[in-house]
Each structure stands twice: as C-alpha cells, then as structure tokens.
Amino acid sequence: MDTMFVRGLKRKCFDGEEDIEGTLAGIKAVPSYNLQRQSLLDMSLVKLQLCHMLVEPNLCRSVLIANTVRQIQEEMTQDGTWQMINAQNTGQASLDRLVSTDILCRSSGDQAEGKHVPAYGTFNKDFESDQAQDGSETMSTASSVQAPRNLQSNMWEEMENPQENKGNFQKSLDQIFETLENKSPNSVEDLFSEVDNSYYDLDTMLTGMMTNTKMGHCDSLETFSSPTNTASNSNCKSDLNDLDHIVEILVES
Amino acid sequence: FLPLILMCSNLSDIISTVEFNHTGELLATGDKGGRVVIFQREPESKNEPYNQGEYNVYSTFQSHEPEFDYLKSLEIEEKINKIKWLPQQNAAHSLLSTNDKTIKLWKITERDKRPEGYNLKDEEGKLKDLSTVTSLQVPVLKPMDLMVEVTPRRIFANGHTYHVNSISVNSDCETYMSADDLRINLWHLAITDRSFNIVDIKPANMEDLTEVITASEFHPHHCNLFVYSSSKGSLRLCDMRASALCDKHSKLYEEPEDPSNRSFFSEIISSVSDVKFSHSGRYMLTRDYLTVKVWDLNMETKPVETYQVHDYLRSKLCSLYENDCIFDKFECAWNGSDSVIMTGAYNNFFRMFDRNTKRDVTLEASRESSKPRAILKPRRVCVGGKRRKDDISVDSLDFTKKILHTAWHPTENIIAIAATNNLYIFQDKVNSEMH
C-alpha cells in the first residue's frame, strides 16, 4: 500500500487544496473505484466515437452509452472528483490504455505487474462491491488514465463563460446526437490528436464530434488538439471557483 | 416438453428473424443479406410417418437490397429486421418484411396446374400451323410441378427516419404499425403513400434524447390497443381511440429499480429488447438483458413473474459492455397455451420456463450435440462451487454464439431456433410419437 501512495504523489488530485494526510485513508480505498469509473467513462467515450461508420449507428446503443456517460459524470461531480483532474499531459500512456480496452476482462492474475493495463482486470470483481484492490496494479494505470481526463478538464478550464460551460459539458454527448442527426463530413477536431501515429488506424474512426452548425463552440475543443495549457492549469485553486460555478449550473439542470 | 431435433438447416447468411404463420404450416426466416426463406411443414402421411412434421424449403426470395442514402452518405442495410405474416384470407399467403427503412408486402401464391390443349398454340407456346387444326378443344388444367411465386404487392417506403425495429399487424387485418427508435407509424395495408404517426418521442432538441423505442406490438384482440417498450425498461400501453397522437400512454408499466443492485449498467440491462402479448391478450412478456418478465395488463407497478435467464452474467457486465454484448437484443416467445415461455441466451443456449410448474430448462442448439431425432439434453451453467460432469463454466461460454431469434408454433410444441446461420426446428417427442 505504501508503494501505491508513493506513485500517487504524481497525481495532482490530492495536492493543493486537499489535506493529504487527512485523506490518506480515503485515498487507499477510493482510487480503485475512481479509476474503474474513469476507465468506464473513457471506454464509453471511445465507444461513442467509434460509431461513425458507413452504416448509421445504432441509436439505442448510442443513447444507452451516452446515458452511462452522463451518470458517471454526474456522480463524479457529486463526488467532487472533477477537481482531481490534473494538468499533466500523458498522451503516450493513453495510447496504451485505449488499445487495451479491446481486451476482454481478465482476472488480475493474468496481468503483469507494471504494465499499462486498464483496471478492468479487477473491474468485474471489485467494481460493484467497491473493495480496495491491489494498489500497485491500479496505480500503475493512474498516470495513464490522466490523459483522457485532461482533455475534458482542458475543455472546462479554458472557458470563461459559465453559460458556455454548461453547454460544453453536454457537448460531447450533444454532438454525438447532432452528428447522428445530420451526418456530414466533419472537420476533424481529433480528441486524441496528441496520440502518436501508430494509433491512427483507430483515428480514422475517431472523427471529430463537431458538426458545422456547432462551429460556435469550436473554440473550446481547440484545447484538445493543443498541448496542455499549463499556465491556466498550474494553479488548481483559481480554477476551483470556476468549476464550482459550473457544477452548480449542472446540478440545477 | 422434451424436445427432439427435427431438422437443422444451414442457411447462407446470418438469420435475423424467424416467424411462424398463423397456422404454423409455414415458417419464414429473414437474413442479413435481405433474403427470405420460407419453410413448409410436410403434411401427415401414413406412408412415411417419420417424415411428417418436417419443414422443407418452400420458397426463397430476395426481399430487400442494400441501398445508399445519398443525403446522409450512409448505407441502408438490407438485413431483414422483422417478418410478420398476415392472416390468410384466400389461397395466397402474405407477409410483411422490413429492413431498417422500408416495409414490403409480399404475396406468395402456388401454381400447381397449368392449362393444356390450346387451340392456337402448341405445347411450347409456338403458334400452330392453322391448317393442322381440324377441331376445337377446350383447354384443361393439368397438374404440374408445384411452383411458388412471390410478388411484391406493396412497398411502404419513406415512412421512417430512424431504424425500424418492429412491425405488427392489427387484429383488424387492415392496418399495421411500424416502429423505429423514436416514432411509430400506422399504415393501411392497401395504401403506401400515407401513414399516420401515432407515437413520437423525439425531443425538440436531440441533445435531450435519453430514451428510445425498442419494440412494439398490437394487442391480439383489441384493435385499438398497442404496447411499446423503451430503452429505460418501461412499457406503455396506448389506446388509439384516446387521441390521434398516442404520446400519452393509457398505462405505464414500470418496475422500480432495486437499489441494492444498482450499478452504472443498471439502465442498459433494464432496456427491453422484446415485448410480446400472450395469445390470450391478458399478459405481456418482456425480455431485458438478464431476465424475462410476465406482466399482467391490469398491474402497472411490477411484473407478475420474473425469470432469470442468465443471472451469472451479472458479475460480468463490465466485459460484456466492453465487447458490446450487453447491447444484444434477445427475443422471447410464448407457447400456444401461454403456459411456457422461451428465450435465447449465449453459447447457443436457449431457455424455457414453465409458468405453472415453475421449472425451467436450458438447452443447446448445436450440430455437435444433436443427432437427428435425438432428444436434447438439458445443459447447465455452473458458477463455481460444485461442478457436474457436463456443466459449462461461465468463463467458457461462447458469447459469439447467441440465440437472439426464436419462435414457437402457434398451437403445437414445435419451436424454431436461429443460431447464427443455422435454423433448428425442435419438436416435442411426445407430440411426434402420437402420429
């Protein structure tokens, strides 16, 4: 468990505002659930993007996945874990993580130590029962899991207008439905554009989610393709107020 | 019900729907390639008592072709989503078949006689040399080899923006409805250029979309009632007499969520994949990912019976989500007397539940484990703990072998099971011995 925490220091989730010592006990038990939940969120987002194919995507499936994404995001905002989004850009690691979503759940015994594997290995057993799991295994994925969250957080932190923020929160889901409605060649705002070239087989399917009609909100998505803006993200505290405001709006809606 | 295998037919493509007609004499299958294959039951014959009851290919035709929607730059699959037979009103048989967008009415007629003895033409149809004609004859009908002709009588196109998931013929035999993800249309069988929209759940803003229609069916006796199911696990019974647009349901059937079983997958597994009225019209049968439920039309708060199809998958929901199996849409079926219900599962297993005795059985539809005329052996999935000899463990289930489509003969204990490209027909052993 000590090793787990040592690695965990790299996560900015717990620095700044949080009292690290006070939450230590909580950290040991919670990360596995949070990681798994994050993995599920990421997997869901990938699934939604993968439905841009030759044939019109299955609307029922898309709606169910989108609802799952919303549920996770709602729970995360209630938990306050949106605040745990950190600024580090670990795009390289996200490549491995996304690739391994293709692998069916394996038991934890099958996964080698230290490899970048998703938390799915123990997802089955632990997810619903919410038990703390083998720390070293899950924490090895901690840094890799940051990247997809970063992309969403960048979206959050760049915006100044809370009203737009509210719209943007729904954006990824909205645009999925917009594109389902009027499928048109999209200008590719690739969510994962910082991922290296070997991933581009998947990239052809990961078309941008913006439609022409929604170009107005394009600005926020620019941040996805640009490297992490460390200036604005370096200080979690100043952004917390923005985030609180955003959360308020969300909760109201 | 001790089923024995009657036949197994290997079709050229993945079967996407199976449906008996109202007498059970004909069985239609639709496949992914847009083809319909109709099987006919051999009539009883004293000469060959063992052949009776077998279903042989009666007719094959191409119902739908792949299309391209130029406006959306999308392909429209030719896969047949549903087939429904019309009640037979004359010598011809009629059925409706639909892909994602277009419904077609097909008429199936037999020709087993042909006229012979024309005066002006000879046997091959060539004009006779008139000088050889010395007397007049009346052409007579002589028997010929049976020819089955299938013609498209109506094409109901452009009625749906979204993918059609169900069609249902009304008991009035004049109208039918077609449902897509967001809308349900009512058609008159004779009119193809108009349809009435009777349900529309499309939100003004597609961003607000959280629920879709998954299945719908007309009540077997009351021509004004129909039900539709949703991806959130609810059923809505609508009365067409109440208003033209049946957005307000007459009754909403919904079981409250079990808080102890709640997970991120709760909504997905509650999505109803199929709904079927009982033959009596008093009950509805629904299938969601892990269970089949019997609902009493008079009780909206919860189903009267719930049967676990494969509860051992509950702990595997994450991987089933990952490989998309959690979105598989299984169908369900009643037997003729509404006493037994049936549904498919993975590993080519299918399950039957006796509502009276509360006994259930798991059977497998596969070539390897079934020789012709052999009785199917019940299978068991073990979840750990004590394992018997022929048990299958949950981890060795083949999730690519799914039985999504099943049908039950309207009156007899004969079932049709579609396992990928194989059509299995099983019959009750007792039933066949009686003949």
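Residues numbered from 1 in each chain as written. Chains lettered and ligands numbered in written order. Predicted model: local features only at pLDDT ≥ 70, side-chain atom pairs only at ≥ 80, totals over all residues. Heavy atoms only, no water.

- The name an unreviewed UniProt entry assigns to chain B is Serine/threonine-protein phosphatase 2A 55 kDa regulatory subunit B, from the organism Malurus cyaneus samueli.
- Taken from UniProt, the Sequence similarities (unreviewed entry) comment for chain B reads in full: "Belongs to the phosphatase 2A regulatory subunit B family." (UniProt positions renumbered as here; feature names shortened; annotations may be inferred.)

- As named in an unreviewed UniProt entry, chain A is Cell division cycle associated 4, taken from Malurus cyaneus samueli.

### Focus: the overall build of chain B
Link 1 in the chain: Helix and strand content of chain B: 3 helices and 32 strands.
Link 2 in the chain: A globule of 435 residues ought to have a C-alpha radius of gyration of about 22 Å, and chain B, at 24 Å, matches this closely.
Link 3 in the chain: Viewed in the frame of its principal axes, chain B has a C-alpha envelope of about 95 × 55 × 40 Å.
Link 4 in the chain: Looking at the 435 residues of chain B, the share that counts as buried comes to 53%.
Link 5 in the chain: Residue pairs at least 24 apart in sequence account for 53% of intrachain contacts in chain B once pairs closer than 6 positions are excluded.
Link 6 in the chain: Surface exposure of chain B reaches about 20200 Å², of which carbon and sulfur atoms provide 50%.
Link 7 in the chain: For chain B, the distance from the average position of its 54 positive side-chain charges to the average position of its 63 negative side-chain charges is 3 Å. (Helix = DSSP H or I, 4+ residues; strand = E, 2+ residues; numbered from the N terminus. Rg over C-alpha atoms; globule rule 2.2 N^0.38 Å. Buried < 20%, exposed > 50% of the residue type's maximum accessible area, 1.4 Å probe, protein only. Contact = heavy atoms within 4.5 Å. Areas by Shrake-Rupley, 256 points an atom, 1.4 Å probe, with all protein chains shown as cover. Lys, Arg positive; Asp, Glu negative; His and termini not counted. Charge placed at Lys NZ, Arg CZ, Asp CG, Glu CD.)

### Some words on the pattern of salt bridges
All names here are of chain B.
Link 1 in the chain: This structure, assessed with the given rule, holds 27 salt bridges over all chains.
Link 2 in the chain: Notably, a salt bridge pairs K276 with D274, separated by 2.9 Å at the nearest N-O pair. The pair K276 / D274 is uniform in exposure class, with both members buried.
Link 3 in the chain: Between E364 and R379 there is a salt bridge, with the nearest N and O atoms lying 2.2 Å from each other. Of this pair, E364 sits in strand β27 (residues 360–364) while R379 sits in the loop between β27 and β28 (381–382); the two residues are 15 residues apart in sequence, bridging distant segments of the chain. (Salt bridge = Lys/Arg side-chain N within 4 Å of Asp/Glu carboxyl O.)

### Comments concerning the pairing of strand β30 (residues 405–408) of chain B
All names here are of chain B.
Link 1 in the chain: Covered by surrounding structure in β30 are H405 and A407 together with T406 and W408, the residues of both alternating faces.
Link 2 in the chain: Inspection of the sheet shows β30 paired to strand β31 (residues 414–419) by 4 bridges, in the antiparallel sense. The partner of H405 across the bridge, within β31, is A418.
Link 3 in the chain: Turn length for the β30-β31 hairpin, with the two strands adjacent in sequence and antiparallel, is 5 residues. (Pairing = 2+ DSSP bridges.)

### Comments concerning the packing of aromatic side chains
Link 1 in the chain: All told, the structure shown has 17 aromatic pairs over all chains when counted by the stated rule.
Link 2 in the chain: Ring geometry for F20(B) and Y55(B): centres 6.0 Å apart, planes at 70 degrees, overall edge-to-face. Here Y55(B) lies in strand β5 (residues 55–62) and F20(B) lies in strand β2 (residues 15–20), a separation of 35 residues in the sequence. Taken as a pair, F20(B) and Y55(B) share a single burial class, namely buried.
Link 3 in the chain: Note on F218(B) and F226(B): the rings are 6.1 Å apart at their centroids and 75 degrees apart in plane angle, and the pair reads as edge-to-face.
Link 4 in the chain: Assessed through its relative accessible area of 3%, F218(B) is described here as buried.
Link 5 in the chain: Pairwise contacts between aromatic rings join Y289(B), F330(B), Y346(B) and F399(B) into one cluster.
Link 6 in the chain: Lying over the aromatic face of Y321(B), K47(A) brings its terminal NZ or CZ to 5.3 Å of the ring centre. (Phe/Tyr/Trp six-rings, centres within 6.5 Å; stacked < 30°, edge-to-face > 60°. Lys NZ or Arg CZ within 6 Å of the ring centre and 35° of its normal.)

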